[in-house]
There are 2 protein chains.
Amino acid sequence: MGIANLAFDRKSCGSCPIRHRAVCARCNDEELAELETMKTYRSYEAGQPVAWAGDPLEFVASVVVGVATLSQTMEDGRTQMVGLLLPSDFLGRPGRDRVAFDVTAVTDLTLCCFRRKPFEEFMARTPHVSQRLLEMTLDELDAAREWMLILGRKTAREKIASMISIIARREAAMQKKAATDGFGFELPLTREAMANYLGLTLETVSRQISALRRDGVIALEGNRRVHIPSFEALLHETGDDSDGGMPA
Amino acid sequence: MGIANLAFDRKSCGSCPIRHRAVCARCNDEELAELETMKTYRSYEAGQPVAWAGDPLEFVASVVVGVATLSQTMEDGRTQMVGLLLPSDFLGRPGRDRVAFDVTAVTDLTLCCFRRKPFEEFMARTPHVSQRLLEMTLDELDAAREWMLILGRKTAREKIASMISIIARREAAMQKKAATDGFGFELPLTREAMANYLGLTLETVSRQISALRRDGVIALEGNRRVHIPSFEALLHETGDDSDGGMPA
DNA sequence: CTCCCGGTTTGATCAGGATCAAGGAAGATC
DNA sequence: GATCTTCCTTGATCCTGATCAAACCGGGAG
């Protein structure tokens, strides 16, 4: 996951290598300078927890490098992933004082953090920031609702195909190129994490990935690297068909 | 669903019988007067569509009386409900120009509508409104993510118990009383709609409701009216146990 | 009254995915 | 090089919920 791929912003917060989508998009230089004073970086190793549900919420942050997940766990250990955070995604909920879901680093992870209180004061003074945050939250809500269709109504094969196509689309966007046929990328999750994402077991995930490989819908190099010979064929397996499954 | 139960607000928008949670909570009299000029009411009969995914988004609205659903449908007819809108809930997404999901009236429904453009201009001038809307959207996002756990990891019986307990909690809040043992209320959905909500078939919904009745967890009068002898016993069936499943 | 109709219940059978179990591959560490 | 460890694959069997099918119930219309 090379950081070079992430340099899609011209206006960045000082030394922060990526633009904070939520914060900086419409900020002027003065506002950026103020944000600069509240900023700190934090790093986490793969597999480490970032925060637990119920913790006091001290920081909001933006993912700089790596992948983090939001998840819920039931008392008997069943867990369901409810969010996947890739570089440039925003983490944290201004206006709340508790963390809502468990946050875990699934790869080595770097966050660019803002202390919540000063950030909220900044927001209150800067209406376009809360408007931008509202837009982002609406995007997340759309994504969550699309995910509900996948969890509630799709077969195991369709779930896997949907996940691969969603990750491929984000990966292509991140690399600033179209998701054309022949596109290849790395799956950022273990089979177990995919299972928690899709509401399946890891055995079923493994079997369905093997099945899609056997059927020529995807090609694999090793366990993690995926190559898509035909996007159309992949989309056909998602059950959405026709369009890419984007909410209209 | 008596309208008397909804009169929980002292500050309402003129003739609108309920406060618009999103809009009015912190508005002064001048702002309320301005909102008054953009307002129209619309009514829909039970079963009628309110809007389809992809339609141009002309209005935002607040539910005054009745129940509406948000849902997605796959090409082969499988459908998944992704939102349930009860009185005082907000409908529509400022800043978007297309409807994202199918909206259907499941009971007779009255909406209090604001034309989107003037409403957005009002928002831009009134920062506390976009902040309030952000809070509400975060609430919806939490609800959607809790729902993902239900869809992805719970058994049919746990799904039914979770749904009943969620509706009971909202109903109790609406009636302004605690959800104590012995609480009774009406299910606002058909078995089929519940199935679409829970990612089940209507037969399974019916069977599991019967099973919970047989086991004394709930009591039924007719098909729709539910009576809960012991909230603790119901919560125990949800799989969440210990607490009520609220995000921390 | 009878007929119909949408919503609901219940039964019988089937199948998709879970579960239990064993083994393989690629890195780490010694 | 040998041995762990982690992640992944594959096989055999089981079980929950889907599917197919029939009948029930209450209400409205004729």
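Just so we're clear, the structure is a prediction, and the values are computed from it rather than from any experiment. (Residues numbered from 1 in each chain as written. Chains lettered and ligands numbered in written order. Predicted model: local features only at pLDDT ≥ 70, side-chain atom pairs only at ≥ 80, totals over all residues. Heavy atoms only, no water.)

Colleague: Could you give me a rundown of the protein's contact with DNA strand C, with the residues and numbers involved?
Modeller: Neighbouring DNA strand C are 17 residues; A:Ala156, A:Thr204, A:Arg207, B:Arg191 and B:Ser206 lie closest to it. A:Thr204 has a polar side-chain atom sitting 2.3 Å from a phosphate oxygen of DNA strand C. At 2.9 Å, a side-chain N or O of B:Arg207 approaches a base nitrogen of DNA strand C. Where the surface near DNA strand C is concerned, the elements lending two or more residues are helix H7 (202–214) of chain A together with helix H7 (202–214) of chain B. The element contributing the most residues to the surface near DNA strand C is H7(B), with five residues. (Near = heavy atom within 4 Å. Polar contact = N/O pair within 3.5 Å; in protein donor to acceptor, adjacent residues only side chain to side chain. Helix = DSSP H or I, 4+ residues; strand = E, 2+ residues; numbered from the N terminus.)

Colleague: I'd love a proper account of helix H5 (residues 156–174) of chain A, names of residues and values included.
Modeller: Residues and elements named next belong to chain A. Under the 1.5 Å per step criterion, the end-to-end length of H5 is 27 Å for 19 residues, consistent within 8% with the ideal 27 Å. Counting buried positions along H5 gives 14 out of 19 residues, so the element sits mostly inside the fold. Trailing H5 by a residue or two, Lys176 shows a phi angle of about 55°, which is positive. (Expected span 1.5 Å × (residues − 1). Buried < 20%, exposed > 50% of the residue type's maximum accessible area, 1.4 Å probe, protein only.)

Colleague: Could you give an account of the relation of the copies chain A and chain B, naming the residues involved and the relevant values?
Modeller: Take chain A, turn it by 180°, move it 0.0 Å along the axis, and it overlays chain B with an RMSD of 0.0 Å. Here the transformation between the copies is reduced to the relation of a two-fold axis. When you check the interface residues of chain A against chain B, 100% turn up at the interface there too, and the contact is symmetric in its surfaces. (Least-squares fit on C-alpha atoms with pLDDT ≥ 70 in both. Contact = heavy atoms within 4.5 Å.)

Colleague: Could you give an account of the interface of chain A and chain B, with specific residues and numbers?
Modeller: In this assembly, 55 residues from chain A lie in contact with 56 residues from chain B. Interface area, chain A with chain B, both sides summed: about 4,600 Å², of which 58% is carbon and sulfur. Remark: the boundary between chain A and chain B carries 10 salt bridges. As a salt-bridge pair, B:Glu158 and A:Arg78 come within 2.8 Å of each other at their nearest N and O atoms. Only strand E4 (68–73), strand E5 (79–85), helix H3 (116–125), helix H4 (127–153) and helix H6 (191–198) of chain A provide two or more residues apiece to the side of chain A that touches chain B. Ranked by residue count, the leading element in the side of chain A that touches chain B is H4(A), at 21 residues. Per-class residue counts for the side of chain A that touches chain B are 24 nonpolar, 15 polar and 16 charged. (Buried area = accessible area lost by both parts, 1.4 Å probe. Salt bridge = Lys/Arg side-chain N within 4 Å of Asp/Glu carboxyl O. Nonpolar A, V, L, I, M, F, W, Y, C, P; charged D, E, K, R; others polar.)

Colleague: Summarise the protein's contact with DNA strand D; cite the residues concerned and give the values.
Modeller: Every one of the 17 residues lining DNA strand D counts as a neighbour, but A:Arg191, A:Arg207, A:Ser210, B:Ala156 and B:Thr204 are closest to it. Near the protein, within 4 Å, the atoms of DNA strand D are sugar or phosphate in 62% of cases. A:Asn223 places a side-chain nitrogen or oxygen 3.4 Å from a sugar or linking oxygen of DNA strand D. Considering every element that reaches the surface near DNA strand D, the biggest residue donor is H7(A), with five residues. Tallied by class, the residues present in the surface near DNA strand D amount to three nonpolar, eight polar and six charged.

Colleague: Describe the pairing of strand E7 (residues 102–105) of chain A, listing the residues and the values that go with them.
Modeller: Where strand E2 (residues 49–51) of chain A and E7(A) come together, two bridges link them in antiparallel fashion. By the bridge assignment, A:Pro49 is partnered in E7(A) with A:Thr104. (Pairing = 2+ DSSP bridges.)

Colleague: For the pattern of salt bridges, give the residues involved together with the corresponding values.
Modeller: This model, assessed by the stated rule, comprises 29 salt bridges over all chains. Across the salt bridge formed by A:Lys39 and A:Glu36, the nearest N and O atoms sit 3.4 Å from each other. With relative accessibility at 11%, the residue A:Lys39 sits in the buried group. The exposure class assigned to A:Glu36 is partly exposed, which follows from its relative accessible area of 28%. For B:Arg132, the salt bridge goes to B:Glu135, with nearest N and O atoms at 3.4 Å. With B:Arg132 and B:Glu135 both in helix H4 (residues 127–153) and three residues apart, the pair spans about one turn of that helix. A relative accessible area of 28% places B:Glu135 in the partly exposed class. Connected through shared salt-bridge partners, A:Arg93, A:Arg96, B:Asp139 and B:Asp142 make up one network.

Colleague: Mind laying out the sheet that holds strand E11 (residues 225–228) of chain A, listing which residues take part and the relevant values?
Modeller: Residues and elements named next belong to chain A. Overall, antiparallel pairing links the three strands, which are arranged E9-E11-E10 in an open sheet. Every interior strand has two partners, whereas the edge strands, strand E9 (183–186) and strand E10 (219–221), have only one. Strand after strand, the sheet turns through a mean of 25° between neighbouring axes, direction not considered. One ladder, built from three bridges, connects E10 with E11; its direction is antiparallel. From the neighbouring strand, Ala219 faces E11, where its bridge partner is His227. (Axes fitted to C-alpha atoms, helices over the stretch in contact; angles between N-to-C directions.)

Colleague: Quick rundown of the pairing of E5(A)? Include the residues and the values.
Modeller: Within a regular strand, side chains alternate between the sheet's two faces. The element E5(A) is largely enclosed, with a buried count of seven among its seven residues. Taken together, E4(A) and the strand that follows it, E5(A), pair antiparallel across an intervening segment of five residues, in which A:Gly77 is found at a positive phi of about 100°.

Colleague: Could you give me a rundown of unusual backbone geometry, with the residues and numbers involved?
Modeller: Glycine aside, residues mostly have negative phi angles, and peptide bonds mostly take the trans form. In this structure, A:Ser88 takes a positive phi of about 90° despite not being glycine. Structurally, the position occupied by A:Ser88 is in the loop between E5 and strand E6 (90–91).

Colleague: Can you break down the nonpolar core residue by residue, with the values?
Modeller: Across soluble globular proteins, nonpolar side chains have a tendency to be buried as a group. Judged by nonpolar contacts, the single largest core of 110 residues is most densely connected at A:Ile164, A:Phe185, B:Ile164 and B:Phe185. Residue contacts for B:Phe185: discarding those within four places in its chain leaves B:Ile164, B:Ile167, B:Ala168, B:Glu171, B:Arg224, B:Arg225, B:Val226 and B:Ile228. (Core = buried A, V, L, I, M, F, W, Y, C linked by side-chain atoms within 4.5 Å.)

Colleague: Explain the side chain of A:Asp142 to me, using residue names and the numbers behind them.
Modeller: As for its position among the elements, A:Asp142 is in helix H4. At a separation of 2.6 Å, a polar atom in the side chain of A:Asp142 contacts the side chain of B:Arg93.

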